[in-house]
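For reference, the chains in residue letters:
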Amino acid sequence: MTAPEGESRQEASLVPGELRGYRQFELRPNGLYPLVHSGSGPWDGRLERAVCAAGIDHEPPAADCRCGLYAWYLPGSATVSLGPVSAVVAARGRCILGDRGFRAAAARIEAVAMPAAVRWNPAVAARVHRGLATQYPGIRVYRSSRRMLKDFPPPDVRALGIDPPPDRSRGYRAAVVALWVGALLLTAVLAALPRLAVAHQFEHWWPLLVVLAVVWQAGLVWLVTRLMALQSPSAFGLRPR
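These remarks concern the structure in this document. As the structure is a computational prediction, the values presented were derived from the model and not from experiment.

### Re the overall build of the protein
At step 1: Looking only at helices and strands, the protein features five helices and seven strands.
At step 2: Reading the protein from its N terminus to its C terminus gives the helix and strand order β-β-β-β-β-β-α-α-β-α-α-α.
At step 3: Taking all 241 residues of the protein together, the buried fraction comes to 39%.
At step 4: Of the contacts made within the protein by residues no fewer than 6 positions apart, 77% connect residues no fewer than 24 positions apart.
At step 5: Accessible surface, the protein as shown: approximately 13200 Å² in total, 61% of it carbon and sulfur.

### Thoughts on a nonpolar patch on the surface
At step 1: A surface patch of nonpolar side chains, amounting to about 560 Å² of accessible area, comprises W205, L208, L209, V211, L212 and V215.
At step 2: You can see W205 is positioned in helix α5 (residues 195–231).

### A closer look at the nonpolar core
At step 1: Counting residues in hydrophobic clusters, the biggest one holds 29 residues, and the most contacted among them are L32, F102, I109 and V112.
At step 2: Breaking this core down by element, the ones donating at least two residues are β1 (13–28), β4 (69–72), β5 (85–97), β6 (101–113) and α2 (122–135).
At step 3: Among the elements that line this core, the one with the most residues is β5, at six residues.
At step 4: In contact with I109, not counting residues within four places along its chain, are F25, L32, W43, R46, V88, V89, Y136 and I139.
At step 5: Judged by nonpolar contacts, the second largest core, of seven residues, contains Y22, V88, A113 and M148.

### Some points on the pattern of salt bridges
At step 1: Inspection of every chain in the model, using the stated rule, returns eight salt bridges.
At step 2: Here E18 ties to R108 by a salt bridge, and the two come within 2.9 Å at their closest N and O atoms. One end of the pair, E18, is in strand β1; the other, R108, is in strand β6, with 90 residues separating them in the sequence.
At step 3: The partner of R140 in a salt bridge is D151, and the shortest N-O contact between them spans 3.3 Å. Of the two residues, R140 sits in strand β7 (residues 140–142) while D151 sits in helix α3 (residues 145–151), which places them 11 residues apart along the sequence.

### Overview of the pairing of β6
For a regular strand, side chains alternate in direction, first toward one face of the sheet and then toward the other.
At step 1: Most of β6 is tucked away: 12 of the 13 residues are buried.
At step 2: Sheet topology note: the strand β3 (residues 48–49)/β6 ladder contains two bridges and is antiparallel. Pairing of R49 across the sheet is with A106, part of β6.
At step 3: One ladder, built from four bridges, connects β4 with β6; its direction is antiparallel. Within the sheet, the bridge partner assigned to W72 lies in β6 and is G101.
At step 4: Pairing of β5 with β6 involves 10 bridges; the strand directions are antiparallel. Residue C95 lies in a different strand from β6, and its bridge partner there is A104.
At step 5: Connecting the antiparallel pair β5 and β6 is a turn made up of three residues.
At step 6: In this sheet, β7 lies alongside β6 in parallel orientation, the contact comprising three bridges. Looking at β7, one finds that V112 is bridged to V141.

### Topic: the side chain of E110
At step 1: Here E110 is to be found in strand β6.
At step 2: Reaching out from E110, the side chain makes a polar contact with the side chain of R20 at a distance of 3.5 Å.
At step 3: Filtering out sequence-adjacent residues up to four positions away, E110 remains in contact with R20, V88, V89, A90, I139, R140 and F152.

### Some points on the environment of S145
At step 1: Tracing the chain through its elements places S145 in helix α3.
At step 2: For S145, a relative accessible area of 13% translates into the label buried.
At step 3: Counting along the chain gives 32 residues from S145 to A113, while the straight-line C-alpha distance between them is 5.2 Å.

The rules we used
Residues numbered from 1 in each chain as written. Predicted model: local features only at pLDDT ≥ 70, side-chain atom pairs only at ≥ 80, totals over all residues. Heavy atoms only, no water. Helix = DSSP H or I, 4+ residues; strand = E, 2+ residues; numbered from the N terminus. Buried < 20%, exposed > 50% of the residue type's maximum accessible area, 1.4 Å probe, protein only. Contact = heavy atoms within 4.5 Å. Areas by Shrake-Rupley, 256 points an atom, 1.4 Å probe, with all protein chains shown as cover. Patch = residues over 30% accessible without salt bridge, like charges linked within 9 Å, V, L, I, M, F, W, Y side chains within 5 Å. Salt bridge = Lys/Arg side-chain N within 4 Å of Asp/Glu carboxyl O. Core = buried A, V, L, I, M, F, W, Y, C linked by side-chain atoms within 4.5 Å. Pairing = 2+ DSSP bridges. Polar contact = N/O pair within 3.5 Å; in protein donor to acceptor, adjacent residues only side chain to side chain.

Next up, the structure:
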């Protein structure tokens, strides 16, 4: 197997102490599953150790393989909250350091933030919170990623010779909000106008309104697609366990 694209170092480094990173998990009734190779089972909340999914007999992570436990340096791509659980992990041991993230020999979960779909339902959020607190007593459970990141900010990895590229997810999220707000404001303005006036103007401007509606929907689809792509490990070239 070839080395992951975008990795700035080909040799594994020994991380002194722990290196903080961000990643996501699939929330299931019996625990938090990695998004890739979920057949390996959920993380147990203690120290998770990497195993080469290709079955190669070596100590992961290896520079010429794609094994290891992955995480991003910056939280944006791993805290989009479009479905999976956002998490803070602390990695230790051998690490392959990339431009945007790393692969580690071992890692533990420090904190998790519930996705928006769960937070919006108070009953479900309370049940999920109790379940995570019971299954993972050593981690902190948050109802929003913003609060989690306030307590677990990203580390300064410049001492490791790494300068991560800007986090594009913030711009994408701001654009999604701007499109929604613009659509709501336009709807409110049309609702406040007299119906006869709106109907009269619609007869003259309906082609433009149709084009704007199509552009609005296409823009939302593109932005959401980009956000989802940033959640993929291929966004920084590291294939996770």
